[in-house]
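Listed below are the residues making up each chain.
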Amino acid sequence: MFYDPRRNDHNLPHNPWTALVVPRPIGWISTVSRTGVVNLAPYSFFNAVSAHPPLVLFSSNPRKHSQINAEETGEFVVNMATWDLRDVMNASSAEFGAEISEPARVGIEMLPCLNVKPPRVARTPVALECKYNTTVQLTGSDGNKYPSSMIVGEVVGVHVDDAVIVDGQIDVRKMKPIARLGYMDYSVVEDFFTIKRPERPADAPPSPPKPQH
């Protein structure tokens with residue numbers, strides 16, 4: 001099968017696009033509005049995009065509360081969605097009004113952060129405190145602007161549950177993060193395999209110096 005996603009001429013009963021780039025980690029974003037309402041919502045178009053500096057992004061379509069709050073207050077938190085939190089994560093995805101706090105409505109305990117005002121999910125094993133960096137409005141190859149935006153933030157604080165640290169490393173099997181697949185499907189990471197990188201070729205160009213901190 002070949003199809004052009006700009007025309008969606010796939011002749012399938014459901015659009016396959018979100019089933020083709022999988023699994024996608026879930027950015028469970030907590031923010032606080034200018035009026036003090038705590039918002040919590042999951043985004044499946046999410047990932048880390050840089051280590052130096054540590055940057056993450058989530059994509060919103062259209063401009064929803066998480067994006068508005070992050071832009072207006074300059075802060076947000078990424079909480080890891082896990083197998084144990086799958087139901088409450090899904091409940092927080094409902095389309096509540098801006099005056100409704102998802103954690104309060106669906107019963108999610110939150111804890112304060114150290115470097116940002118939005119709280120973090122108490123039961124998540126990993127939470128990333130972020131300072132808002134920039135918003136990129138997405139434009140198609142036809143030059144038209146679309147309602148999708150990428151919201152980028154710099155990680156300024158990391159919370160890790162000591163229970164998921166084994167022999168000095170993060171054990172993904174103890175975290176059991178979940179990821180988005182296509183349609184209404186999800187996956188859970190319960191195991192992994194290791195592949196070592198190949199040796200550096202003798203004729204490879206010299207590596208650039210690493211940034212100093």
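Residues numbered from 1 in each chain as written. Predicted model: local features only at pLDDT ≥ 70, side-chain atom pairs only at ≥ 80, totals over all residues. Heavy atoms only, no water.

*Asks:* So what's going on with the overall build of the protein? Which residues, and what values?
*Replies:* A tally of regular secondary structure across the protein gives four helices and 14 strands. Based on the C-alpha atoms only, the size of the protein along its principal axes is roughly 60 × 50 × 35 Å. Looking at the 213 residues of the protein, the share that counts as buried comes to 38%. Put simply, of all contacts in the protein between residues at least 6 apart along the chain, 60% involve residues at least 24 apart. Averaging the positions of the 21 positive and the 23 negative side-chain charges in the protein gives two centres separated by 2 Å. (Helix = DSSP H or I, 4+ residues; strand = E, 2+ residues; numbered from the N terminus. Buried < 20%, exposed > 50% of the residue type's maximum accessible area, 1.4 Å probe, protein only. Contact = heavy atoms within 4.5 Å. Lys, Arg positive; Asp, Glu negative; His and termini not counted. Charge placed at Lys NZ, Arg CZ, Asp CG, Glu CD.)

*Asks:* Residue-level account of the side chain of T124, with values.
*Replies:* Position of T124 relative to the elements: it lies in the loop between β8 (120-121) and β9 (126-139). Under the relative-accessibility criterion, T124 is labelled buried at 7%. Within the structure, T124 has its side chain in polar contact with the backbone oxygen of M80 (distance 2.7 Å). The residues touching T124, leaving out its near neighbours within four places in the chain, are N79, M80 and L85. (Polar contact = N/O pair within 3.5 Å; in protein donor to acceptor, adjacent residues only side chain to side chain.)

*Asks:* Pulling in residues and values, what's your account of the sheet that holds strand β1 (residues 24-25)?
*Replies:* As summarised here, the arrangement of the three strands in space is β1-β13-β14, forming an open sheet in which the pairing is antiparallel. With partners counted over all chains shown, the strands left at the sheet margins are β1 and β14 (186-188), one partner each. Both strand β13 (residues 178-180) and β14 contribute to a ladder of three bridges, which runs antiparallel. Paired with R180 across the two strands is Y186, which belongs to β14. (Pairing = 2+ DSSP bridges.)

*Asks:* Just give me the short version of the packing of aromatic side chains, but keep the residues and values in it.
*Replies:* Here the structure, examined in full by the defined rule, presents two aromatic pairs. Relative to F58, the ring of Y43 lies with its centre 4.9 Å away and its plane at 50°, an arrangement referred to as tilted. Of the two residues, Y43 is situated in strand β3 (residues 38-43) and F58 in strand β5 (residues 54-60); the sequence distance between them amounts to 15 residues. Classification of Y43 by relative accessible area gives buried; the value is 7%. Centre to centre, the rings of F58 and F76 are 5.4 Å apart; their planes meet at 80°, and the pair counts as edge-to-face. Of this pair, F58 sits in strand β5 while F76 is found in strand β6 (residues 75-80), placing the two residues 18 residues apart along the sequence. Here F58 and F76 have matching classes, each one buried. Taken together, the aromatic side chains of Y43, F58 and F76 make up a single cluster linked through ring pairs. The residue whose ring lies beneath R24 is F45, and the NZ or CZ to ring-centre distance is 4.9 Å. Of note, R180 hangs over the ring of Y186, and the distance from its end group to the ring centre comes to 4.6 Å. (Phe/Tyr/Trp six-rings, centres within 6.5 Å; stacked < 30°, edge-to-face > 60°. Lys NZ or Arg CZ within 6 Å of the ring centre and 35° of its normal.)

*Asks:* Just give me the short version of helix α1 (residues 65-73), but keep the residues and values in it.
*Replies:* Within the span of α1, buried status applies to S66, Q67, N69 and A70. Mapping the buried residues of α1 onto a view down its axis gives an arc of 170°, with all of them on the same face. Where α1 is buried, its residues contact β2 (27-32), β3, β5, β6, β9 and β10 (145-160). (Arc of directions from axis to C-beta.)

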